[in-house]
Amino acid sequence: MAVQITDANFEANVLKSSLPVLIDFWAPWCGPCRAMGPVIDELAAEYDGKVLIAKMNVDENPATPSKYGIRAIPTLILFKGGEVVEQITGAVSKSSIKDMIAQKALG
Amino acid sequence: MTAALYLLRSGVSVAFVEKLSPGGQVLMTAEIENYPGFPKGIQGWELADLFAAHLERYPHDKYNDAVTAFEPAPGANRVRVGDEWITGKAVVVCSGARYKKLGLPDEDRLIGKGISYCALCDGNFFRGQKVGVVGGGNSALEESLYLAKLVANLRLIHRRDEFRGCKCYQEKVQSAPNIDIEYSSVVRKLHGDNALTGVTLADVKTGEERFLPLDGLFIFIGFEPVGDFLPDGIDKDPQGFVITDTEMRTSLPGVFAAGDIRSKSCRQVTTAVGDGATAATAAFTYLEQLDA
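Parameters at a glance
Residues numbered from 1 in each chain as written. Chains lettered and ligands numbered in written order. Predicted model: local features only at pLDDT ≥ 70, side-chain atom pairs only at ≥ 80, totals over all residues. UniProt positions renumbered as here; feature names shortened; annotations may be inferred. Helix = DSSP H or I, 4+ residues; strand = E, 2+ residues; numbered from the N terminus. Buried ≥ 20, exposed ≤ 12 C-beta atoms within 10 Å, placed from the backbone. Axes fitted to C-alpha atoms, helices over the stretch in contact; angles between N-to-C directions. Left-handed = near helix turned anticlockwise from the far one by under 90°. Contact = placed C-beta atoms within 7 Å. Nonpolar A, V, L, I, M, F, W, Y, C, P; charged D, E, K, R; others polar. Pairing = 2+ DSSP bridges. Parallel < 35°, antiparallel > 145°, perpendicular 65-115°, else oblique. Expected span 1.5 Å × (residues − 1). Arc of directions from axis to C-beta.

The name given to chain A in an unreviewed UniProt entry is Thioredoxin, with Nitratidesulfovibrio liaohensis as the source organism. In the Sequence similarities (unreviewed entry) part of its UniProt record, chain A is described as follows: "Belongs to the thioredoxin family."

In structure tokens form, the structure reads like this:
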């Protein structure tokens, strides 16, 4: 299962992470986010120890989405060394997320 | 999901391929009020979850990725899912439809930065702000009514001087205090660097252009088929939807189509379910003849 990130632990778990971090910004009332859920959990298992795959509920954690200018969900942001290296908005397939991870996180 | 359910119940071995999670556009719909058996309405995701739970009762192979290629061959069709090829004696295509884009420069760049195709998903980010909605059909009117409860002001931008959508929605939209309607208008240009700041509206009758400041723009101008992977030999209508007969048979033997991907006039959950059952029955008959 993907790790849950909150506004409170964002800095420690994401910005200061030694691994690249992919965060899925989602909300329970968002259909496309629900569609992405199982894919994100599968990726969390596949990249265990290589990339931290995480989720942030934007309803419960408004500060971080606002800081990164998120105005649509689902949005995926890939962080490396505390910096944003890639952002995808909207539900996308597992293959396209894996391509992005291969190029931007592990490449 | 219905096609898979019927085939599984007939004892056929099924590989179920889903790009995301089961439900498709049903997941993007807030409330479904016209599916029989739910007199109080049901949330789109709840109905999708119930369909998926029903299918789960019958063991089958699941593939959670997009179809990238499809090589038809009678009795041995090959479908590529992610990095893997699956072979099937028959294929039922249920890939559905997705929202259409305006096709303007900067549209892709501003998705998630003010441009949206899902009011339910993104409406909350525009609470108390000024947004535009493009379209004039049922989706545009329905989504406008939902958004109007959240935003300060909503401009409904429609290229004709009357709506196509249902009268019941038209009346509600016209009487909503914070919805202003821009008839006979089209969006010509999107403005904004890191976030949408507004649009250039053009009057389709006079050609006159003006700037309209907006924080968000929601686009509901219809749907297009999800069929990038479809083989060249399959018959399609001019919009790219797959042509079938009443048994859901396509122009290729052993290839069936069901739901929104089909060329038809009524795209509803109810009709998709009916198509799925019909396609499964036709596919089962085809398999029996193939093995006879």
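From N to C terminus, chain B includes six helices and 19 strands. Across its three principal axes, chain B shows a C-alpha extent of roughly 65 × 40 × 30 Å.

Let us now look at the environment of A:Val85. Residues and elements named next belong to chain A. Within the element layout of this structure, Val85 appears in strand β5 (residues 83–89). A residue is classified by how many C-beta atoms lie within 10 Å of it, and Val85, with 14 of them, is partly exposed. The spatial distance from the C-alpha of Val85 to the C-alpha of Met1 is 23 Å, given a sequence separation of 84 residues.

The next thing to look at is the packing of helix α1 (residues 2–9) of chain B against helix α6 (residues 269–291) of chain B. Residue and element names in this part refer to chain B. In the contact formed by α1 and α6, the axes pass within 7 Å of each other and the chain directions differ by 40°. You can see that α1 and α6 cross each other, and the crossing is right-handed. Along its contact with α1, which presents Thr2, Ala3, Tyr6 and Leu7, the element α6 presents Val273, Gly276, Ala277, Ala279, Ala280, Thr281, Ala283 and Phe284. Within the contact of α1 with α6, the residues separate by chemical class into nine nonpolar, three polar and no charged.

What follows covers the interface of chain A and chain B. How large an interface is tends to be reported as the accessible area lost when its parts come together. Between chain A and chain B, the contact holds 22 residues from the first and 25 residues from the second. Elements with a minimum of two residues in the side of chain A that touches chain B: α2 (31–46) and α4 (94–105) of chain A. A per-element tally of the side of chain A that touches chain B places α2(A) first, with nine residues.

Residues and elements named next belong to chain A. Taking strand neighbours across the sheet as the criterion, the five strands line up as β1-β3-β2-β4-β5 in an open arrangement whose pairing is mixed. Only two strands of the sheet have a single partner each, and these edge strands are β1 (3–4) and β5. α2 rests against β2 (21–26) and β3 (52–57) of the sheet, and its axis sits at about 150° to β3. Against the sheet, α4 makes contact with β2, β4 (75–80) and β5, and its axis sits at roughly 20° relative to β4, the strand it touches most.

For the rest of this paragraph, the subject is the sheet that holds strand β6 (residues 77–81) of chain B. Sheet strands pair via backbone hydrogen bonds, and the direction of the pair is either parallel or antiparallel. All names here are of chain B. Strand order in the open sheet formed by three strands is β5-β6-β7, with antiparallel pairing between adjacent strands. Strand pairing shows two members of the sheet lacking a second neighbour, β5 (67–71) and β7 (84–88), which therefore form its edges. Across the sheet, the axes of successive neighbouring strands diverge by a mean angle of 20°, strand direction being ignored. Bridge count between β5 and β6: four bridges; the pairing is antiparallel. Within β6, the residue paired with Glu71 across the bridge is Arg78.

Residues and elements named next belong to chain B. Between helix α4 (residues 138–148) and helix α5 (residues 167–175), the shortest axis-to-axis distance is 9 Å and the interhelical angle comes to 45°. When the interaxial angle is binned, α4 and α5 end up oblique. For the pair α4 and α5, the sense of crossing is left-handed. Two secondary-structure elements touch here, α4 through Asn138, Leu141, Glu142, Ser144 and Leu145 and α5 through Tyr169, Gln170, Lys172 and Val173.

A few words on helix α2 (residues 44–56) of chain B. Compared with the 18 Å implied by 1.5 Å per residue over 13 residues, the 18 Å span of α2(B) between its first and last C-alpha is a close match. Restricting attention to buried positions, one finds in α2(B) the residues B:Gly44, B:Trp45, B:Leu47, B:Ala48 and B:Phe51. Each buried residue of α2(B) lies within a common arc of 160° when the element is viewed along its axis, so the set occupies one face. Those residues of α2(B) that are exposed and angled more than 90 degrees off the buried face are B:Ala53, B:His54 and B:Glu56. Tucked inside the fold, the buried residues of α2(B) contact α2 of chain A together with β2 (31–32) and β3 (42–43) of chain B.

This part takes up the pairing of β6(B). All names here are of chain B. Because side chains alternate across β6, one face comprises the buried residues Asn77, Val79 and Val81, and the other comprises Arg78 and Arg80, none of which is buried. Here β5 hands over to β6 after five residues, with Gly75 in that stretch at a positive phi of 80°. Summarising the sheet, β6 and β7 pair through five bridges and their orientation is antiparallel. Its bridge partner lying in β7, Asn77 is registered against Gly88. Hairpin connection of β6 to β7: two residues between the antiparallel strands, including Gly82 at a positive phi of 60°.

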